[in-house]
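Spelled out from the first residue to the last, the chains are:
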Amino acid sequence: MQWRNSADRYGLVSILLHWLVALAVFGLFGLGYWMVGLNYYSPWYKTAPELHKSIGLLLFAVMLARMLWRRVSPPPASLPSHGRLTRLGSRLGHSSLYFGLFVLMISGYLISTAEGRGIAVFGLFEVPATLTSIPRQEDLAGLVHEYLAWALVIFAGVHALAALKHHFIDRDATLRRMLGR
């Protein structure tokens, strides 16, 4: 398998980045959903949010790398069988997922740094608090983070259903290309 994308196939780097992001998004969603129900006496009360923040910041770095990789190694062209609306829907859908993920991660950062404290990443280094002057920052960013997380997980599910539709109904190579075949 090739590392870079070709005109008709995704390369290994793009495939691994895609599935790493998907796993992180759904894992972070599950962790976030679970941790908001923890009470003060739970042994995970402090650990779960620290883990969520650390993974979220690493996901931010992975998404930046993914965007850079798309510049270095553009994705393969749409399949010839895809019509104009399918190509447009694909571009809009992927752009929405990317934009939504960045807004989600920035809102998480704004929640965590609202009181002026940085975010420790697995205890290895700290990302400083740079923006703390927004009125009701933690509350507003929290609402954005919660609703956007739900929207993105639902939209990612629709994205997966579209890939399955391409595979089982249209019988084209859309899904196989992202599986490395």
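Residues numbered from 1 in each chain as written. Predicted model: local features only at pLDDT ≥ 70, side-chain atom pairs only at ≥ 80, totals over all residues. Heavy atoms only, no water.

Relative to each other, helix 2 (residues 47-72) and helix 3 (residues 84-112) sit at 145 degrees, their axes nearing to 10 Å. For the crossing formed where helix 2 meets helix 3, the hand is left-handed. Contacts between helix 2 and helix 3 involve Lys53, Gly56, Leu59, Phe60, Met63, Leu64, Arg66, Met67 and Arg70 from the first element and Tyr98, Leu101, Phe102, Met105 and Ser112 from the second. Considered class by class, the residues forming the contact of helix 2 with helix 3 number nine nonpolar, two polar and three charged. (Axes fitted to C-alpha atoms, helices over the stretch in contact; angles between N-to-C directions. Helix = DSSP H or I, 4+ residues; strand = E, 2+ residues; numbered from the N terminus. Left-handed = near helix turned anticlockwise from the far one by under 90°. Contact = heavy atoms within 4.5 Å. Nonpolar A, V, L, I, M, F, W, Y, C, P; charged D, E, K, R; others polar.)

Before going further, it helps to spend a moment on the environment of Arg91. Among the secondary structure elements, Arg91 is positioned in helix 3. Separated by 76 residues in sequence, Arg91 and Ile15 have C-alpha atoms that sit 18 Å apart.

Relative to the assigned elements, Ser78 resides in the loop between helix 2 and helix 3. Classification of Ser78 by relative accessible area gives partly exposed; the value is 37%. Distance from Ser78 to Ser14, taken between C-alpha atoms, is 16 Å for residues 64 residues apart in sequence. Those residues in contact with Ser78, other than ones at most four positions away along the chain, are Arg87 and Arg177. (Buried < 20%, exposed > 50% of the residue type's maximum accessible area, 1.4 Å probe, protein only.)

So, about the nonpolar core. Val21, Val25, Leu59, Met63, Leu101, Met105 and Leu152 are the most contacted members of the largest nonpolar core, which totals 19 residues. Contributing elements (two or more residues each) for this core: helix 1 (12-35), helix 2, helix 3 and helix 4 (137-168). Excluding residues within four positions of it along the chain, Met105 makes contact with Gly56, Leu59, Phe60 and Met63. (Core = buried A, V, L, I, M, F, W, Y, C linked by side-chain atoms within 4.5 Å.)

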